[in-house]
Amino acid sequence: MNRFGFSLSKGRQINYDTNDRSAAEYVIAGEPSLLACIECGGCASTCTSGNFTSFSLRQLNILLKRGENDSLRDELRKCMLCGKCTLVCPRGVNTRNVILLAMEAFNKSQDYAV
Ligand code: SF4
Ligand code: SF4
């Protein structure tokens, strides 16, 4: 396919029936403000870690809520817990607490220990 100068992208569907939402439910139970997130990206644009790495809290929130956990463990390690994202969030999401609870949720799970 590449000989034409392009290739077809792999299918990308969100399967809520098979995704594991237990970590998201754990975080939301402890920090319900995550539900107010509108994925605006304000947190990601001001993120200290995001200035130096590929870390994006906006992306992390989306994947967490979808139950797509596979890459989250490694991503969470990039956060420095500085709290700048919490200061700029227009929806009042306690983002720092979201990250701490997500770390806690993955630490409780054998598959996703941080
Ligand atoms: S700044 Fe707040 S509302 Fe916007 S993506 Fe980040 S957590 Fe969500
Ligand atoms: S607490 Fe983490 S996600 Fe928020 S601005 Fe700091 S490094 Fe970025």
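What counts, and where the lines are drawn
Residues numbered from 1 in each chain as written. Chains lettered and ligands numbered in written order. Predicted model: local features only at pLDDT ≥ 70, side-chain atom pairs only at ≥ 80, totals over all residues. Helix = DSSP H or I, 4+ residues; strand = E, 2+ residues; numbered from the N terminus. Buried ≥ 20, exposed ≤ 12 C-beta atoms within 10 Å, placed from the backbone. Contact = placed C-beta atoms within 7 Å. Near = placed C-beta within 6 Å. Nonpolar A, V, L, I, M, F, W, Y, C, P; charged D, E, K, R; others polar. Expected span 1.5 Å × (residues − 1). Axes fitted to C-alpha atoms, helices over the stretch in contact; angles between N-to-C directions. Parallel < 35°, antiparallel > 145°, perpendicular 65-115°, else oblique. Left-handed = near helix turned anticlockwise from the far one by under 90°. Core = buried A, V, L, I, M, F, W, Y, C linked by C-beta atoms within 7 Å.

## Comments concerning the overall build of the protein
Next, step 1: Along the backbone of the protein there are 6 helices and 0 strands.
Next, step 2: Listing each helix as α and each strand as β along the protein from the N terminus yields α-α-α-α-α-α.
Next, step 3: Taken over the C-alpha atoms alone, the protein extends approximately 50 × 30 × 25 Å along its principal axes.
Next, step 4: Taking all 114 residues of the protein together, 29% fall into the buried category.
Next, step 5: Taking all contacts inside the protein whose residues are at least 6 apart in sequence as the whole, residues at least 24 apart take part in 64%.

## Quick notes on the site of ligand 2
Next, step 1: If you check the shell around ligand 2, you find 15 residues, and the closest are C47, S49, C79, C82 and C85.
Next, step 2: At the level of secondary structure, the elements contributing two or more residues to the shell around ligand 2 comprise α5 (84–88) and α6 (95–108).
Next, step 3: Split into classes, the residues belonging to the shell around ligand 2 amount to 8 nonpolar, 5 polar and 2 charged.

## Remarks on α6
Next, step 1: Taking 1.5 Å per residue as the helical rise, α6 with its 14 residues ought to reach 20 Å, and the 20 Å between its terminal C-alpha atoms agrees with that figure.
Next, step 2: Residues of α6 that are buried include every one of T95, R96, V98, I99, L101, A102, M103, A105 and F106, and no others.

## Looking at the site of ligand 1
Next, step 1: Around ligand 1 sit 15 residues in total, of which C37, C40, G42, C43 and C89 are the nearest.
Next, step 2: Only α2 (42–46) and α3 (57–66) provide two or more residues apiece to the shell around ligand 1.
Next, step 3: At 3 residues, the largest contribution of residues to the shell around ligand 1 is made by α3.

## What about the packing of helix α1 (residues 22–30) against α6?
Next, step 1: Remark: α1 packs on α6, axes separated minimally by 9 Å, with the N-to-C direction vectors making an angle of 135°. Taken as axis vectors, α1 and α6 run oblique relative to one another. In this structure, α1 meets α6 at a crossing whose hand is right-handed. Contacts from A23, Y26, V27 and G30 in α1 reach V98, L101, A102, A105 and F106 in α6.

## Remarks on the environment of C79
Next, step 1: By the secondary structure assignment, C79 is in the loop between α4 (72–76) and α5.
Next, step 2: Note on C79: 22 C-beta atoms within 10 Å, which makes it buried.
Next, step 3: Sequence-wise, C79 and V27 are 52 residues apart; in three dimensions their C-alpha atoms are separated by 16 Å.
Next, step 4: For C79, the contacting residues outside a window of four places in its chain are S49, F55 and I99.

## Things to note about the nonpolar core
Next, step 1: Counting residues in each nonpolar core, the largest one holds 24 residues, and the members touching the most others are A23, V27, L64, L76, V98, A102 and F106.
Next, step 2: When residues of this core are assigned to their parent elements, the largest contribution, 7 residues, is made by α6.
Next, step 3: If we ignore the near neighbours within four places in the chain, the residues touching A102 are A23, V27, L64, L72 and L76.

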